[in-house]
Each structure stands twice: as structure tokens, then as C-alpha cells.
Amino acid sequence: MTNLKISRHDLSTDKTLRPHSAADELLLKRVAALDTKPKSLAIYHDRFGYLTCHLQKMSPVAVLTEKSQEKAILKNGLSNNLEIRRFSNPLSSLKKKLDYAIVKAPKSLALFQVFLEHIAHNSTAKVTVEVAFMTRHFTPKLLSISSQYFENVQQSRAEKKARTITLSGKKQVPKQDIIDTIEYRNNQYQQYWGVFSAKHIDYATEYFLDCFDLKPEDKTILDLASGNGIIAKEIQREAPDAEIHLLEDSYLAVESAKMNISGPNIHHHYDNDLSSFEDNTFDLIATNPPFHFEHEINIKVPLYLFKECYRCLKSGGNLQVVANNHLNYKTHLTTIFPKVDILGQNDKFVVYKCVK
Ligand SMILES: C[S@@+](CC[C@H](N)C(=O)[O-])C[C@H]1O[C@@H](n2cnc3c(N)ncnc32)[C@H](O)[C@@H]1O
């Protein structure tokens, strides 16, 4: 394998984080050891492009769920003089049936099953799948989900604390409906498997919706990191004439939100930053921001987003944020906003109102 220079290209300023792990290396090793090179290869959940760039000679399709993944892969392709064009997502059919797929196991087991569903219905009968993960992230559910789709489920020994599971002998399984319904205040919300807060509303979001402060003059509103769109929808119920934008990194979340909220004033954005918005655009930005990224916890990402919120708010506009108490966002928010108030606090969460 050629040695390429791969960077994370994410919103975090933490330079100690690596763009790949031993699990990625193990996947490359498995592909390199194949006697016959795959005719149709897919790479699932390549976070920053380590796999897609190294395997570019095989013209793989990168099956992704996040805009941030696509951006990082394109940037890494560019800096290594690789022209990467083939992207897909788990909701689209692939043009060519796969005979080989590699999967970097996601933290969400529901998303893992979405990937296997996609492989099952977009592959030849002889497809082989290699799933890789760090041993500390192993759960027997990876095996039981795999067994729903494949006769042979073979776990490898650990190498550098990473392992693979090899799947072959595809079973004939009917296509599953990969959408769940959750209920909140007698309203139903639909969402694809693997989208944030499966099965019920997130407790922080619920607390946010109990506390948040919407004024009649809030006409242009952003739901940042909108997930299934529940915050935007509750705002729309109270302010049906407001122009509401939803911004989300996850494609499955954006497609879920489209099932829950629509209308002439509603705008869905599949993106991981606010670069498409002008300065001084919004009266209100509402958010339950991300700080978990797969197995990492990183508050540098929400802090970056808060600075961008300041830029995109009108003067006098405000950002309302719900957070776990222990994250202590107030210290950071007060360095960005002149006025930071608390709209509500309980033993777990706090809701801040930050005025520009
Ligand atoms: C805590 S969840 C909140 C979801 C939804 N607002 C709710 O309350 O159920 C955070 C969301 O942020 C999304 N996300 C992660 N990084 C993001 C980014 N850079 N830009 C936009 N959304 C992001 C995740 O996909 C996830 O859906």
C-alpha cells in the first residue's frame, strides 16, 4: 500500500486526535491479502478517507452517512492527487452489485444494521464483508446482527487491539422498513434507524423544549444539529410563519427531518458547518449540540459552532443551547457572547440563552 498523507479535516482544533486507527489498517491488510481483487468494492463509514484514498485504485464506492465524512475524503483526495468521485448513502441503490464490502463498524448498532441491510440488497450472492473495530468496542450484538444476514460469521484474532469479523454466505432476507416512530406530546416523529436518540425523545431535548424562549419577533430561526427535526417542528407549531432552517451533518437525520417538518418556510441543509449562511442572518438559533463523535467526546466542535452562531446571529439575536451540566459551556459562551443567561437548570441539564 502506498503511504498517503491523511488528515482529519474536521471542526476540532485538537491535533492529538488521529485520522485512522488500527482497525482501518487491518481492513487494508485484508484487502491486500485477497487472491482475486474485488470487481465491485464498497467502503462503509470511512470517517476521514484513510480507506477510500488508499483503495482508490480499485474504484470503490464510499457509502457515507455524514457530510463531514464526504468533505474530509474529498480534501484528503485532493491533497494526495486522487480524484474521488464515487459516493453513495445507505438509502440509495448501488448501480453495480457488490462482491466485496468493508465496514468500519459504527458506534450505533442500529446504523450497523442499516449498512448490512444496504449490503444485503445491493450485492451478489457471493459477497464477502469485512467488518473492523477496536477490540474495546466489541459487543456480541455485532455478531447477532451479522447472523441475521450471513450464514458464516467469523471473528479474527486481535491485531494491535483491533479485530475483524468476516461475513459470507449471504442469506435471503426480505427488505426491512428501517424507520422508527417516536412520540412526543401526542405527536409522532419518524426517523431512520441510527439517527440520534432512537426510540424516544432525548432527555436534554425534552428539557430544552420545556425551557426555551420564543419571542414574536423571532422570524428567522435555525435549528442547529437538528436530528429528526423535533426542535424545529415544535418551533413551527408556535410560530407557523417563521422562516425555519434545519442544519444537520447526518444524511439519515436530514431525510428523517423531511418526513417530520415541511412547508414553504422550511429549509433543510445537509452540512456540518454554518459556512453557507451570511453574517447577521438569524434572530434565534436553537440547539442541542453534538459532543459525541463515534467513540470520541470532543467539545471543541460545539465551541467552534458557537463562534459561528455568533457570526450568523443578528445584533440582539440569541443562541439557546441545552447541555449537560458537567460540560460547563458557560465559561466558553461568556468569551463569545456579551450576555449569557440561564433559562432553566435541573440536576442534569442547563439551558443557556446567549444574546449577541
Ligand atoms: C445531540 S443530537 C441533537 C439532535 C436533535 N436536535 C434532537 O434534539 O434530537 C446532535 C446532532 O448533531 C449532529 N451533528 C454532529 N456534528 C454536526 C455538525 N458539525 N453540524 C451539524 N450537525 C452535527 C448529529 O448527527 C446529531 O444528530
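Once a new chain begins, its residue numbering starts again from 1 and follows that chain's sequence as written. Under the rules for a predicted model, residues below a pLDDT of 70 receive no local features and side-chain atom pairs below 80 are neither given nor counted, while totals for whole chains, interfaces and linings still include all residues. Only heavy atoms go into the side-chain values, all of them from the structure, while hydrogens and water stay out.

Student: Hey, could you run me through the site of the ligand in this one?
Tutor: Only a single heavy atom is needed: when it lies within 4 Å of a molecule or strand, its residue is near that molecule or strand. For the ligand, the set of nearby residues contains 15 residues, the closest of which are Thr-205, Ala-225, Glu-248, Asp-249 and Asn-272. Counted as a polar contact is a pair of N or O atoms within 3.5 Å, where, for protein atoms, one must be capable of donating a hydrogen and the other of accepting one, and residues adjacent in sequence contribute only when both atoms are in side chains. With respect to the ligand, the backbone of Asp-249 contributes an N or O atom lying 3.3 Å from a nitrogen atom. Asn-272 is positioned with one of its backbone polar atoms (N or O) 2.9 Å from a nitrogen atom of the ligand. When isolated, the ligand has an accessible area of 590 Å², and the protein chains bury 90% of it. Residues of the shell around the ligand, tallied by class, amount to six nonpolar, six polar and three charged. Accessible surface is estimated by sampling points in the Shrake-Rupley manner with a 1.4 Å probe; for residues, cover comes only from the protein chains shown. Three classes are used: nonpolar for Ala, Val, Leu, Ile, Met, Phe, Trp, Tyr, Cys and Pro, charged for Asp, Glu, Lys and Arg, and polar for all others, with Gly counted as polar.

Student: Mind showing me how you'd approach the sheet that holds strand S10 (residues 220-224) here?
Tutor: In a beta sheet, neighbouring strands are held together by backbone hydrogen bonds and run either parallel or antiparallel to one another. One bridge is not enough; two strands pair if DSSP finds at least two bridges between them. Only DSSP runs of H or I covering at least 4 residues are called helices, and only runs of E covering at least 2 are called strands; the numbering of each starts at the N terminus. Ordered in space as S12-S11-S10-S13-S16-S18-S17, the seven strands form an open sheet in which the pairing is mixed. On the outer flanks of this sheet lie strand S12 (266-270) and strand S17 (339-345), each paired with one strand and no other. Averaged over all adjacent pairs, the angle separating strand axes in this sheet is 15°, with direction ignored. Two elements, strand S13 (residues 282-287) and strand S16 (residues 313-324), share five bridges in a ladder whose sense is parallel. Bridge pairing in S16 links Phe-282 to Leu-313. Of the strands in this sheet, S10, strand S11 (243-248), S12 and S13 touch helix H7 (residues 230-238), which is tilted by about 175° from S11. What counts as an axis is a line fitted to C-alpha atoms, over the stretch in contact for a helix, and the angles between N-to-C directions run from 0 to 180 degrees. A contact between two residues is defined here by any heavy atoms of the two lying within 4.5 Å.

Student: How do you make sense of the nonpolar core when you look at a structure like this?
Tutor: Nonpolar side chains in soluble globular proteins generally cluster together in the buried interior. Tyr-44, Leu-98, Val-103, Ile-119, Val-129 and Val-131 are the most contacted members of the largest nonpolar core, which has 32 residues in total. Of all the secondary structure elements, the ones that give two or more residues to this core are strand S1 (41-44), strand S2 (61-63), strand S4 (98-104), helix H4 (109-120), strand S5 (123-134), helix H5 (140-149), strand S7 (162-170) and helix H8 (251-260). For this core, the element with the most residues is H4, which contributes seven residues. Where each domain starts and ends follows an automatic or database-derived domain assignment. Mapped onto the domain boundaries, this core takes at least three residues apiece from domain 1 (22-170) and domain 2 (179-355). With residues up to four places along the chain from it excluded, the contact list for Ile-119 reads Tyr-44, Ala-101, Val-103, Val-127, Val-129 and Phe-150. In this description, a nonpolar core means a group of buried Ala, Val, Leu, Ile, Met, Phe, Trp, Tyr and Cys residues linked to one another through side-chain atoms lying within 4.5 Å. A simple rule labels every residue: compare its accessible area, found with a 1.4 Å probe on the protein chains alone, to the largest value its type can have, and call it buried under 20%, exposed over 50%, or partly exposed in between. Listed in part, the 29 residues of the second largest apolar core include Leu-247, Phe-282, Cys-309 and Tyr-352.

Nothing here speaks to function; it is geometry throughout.
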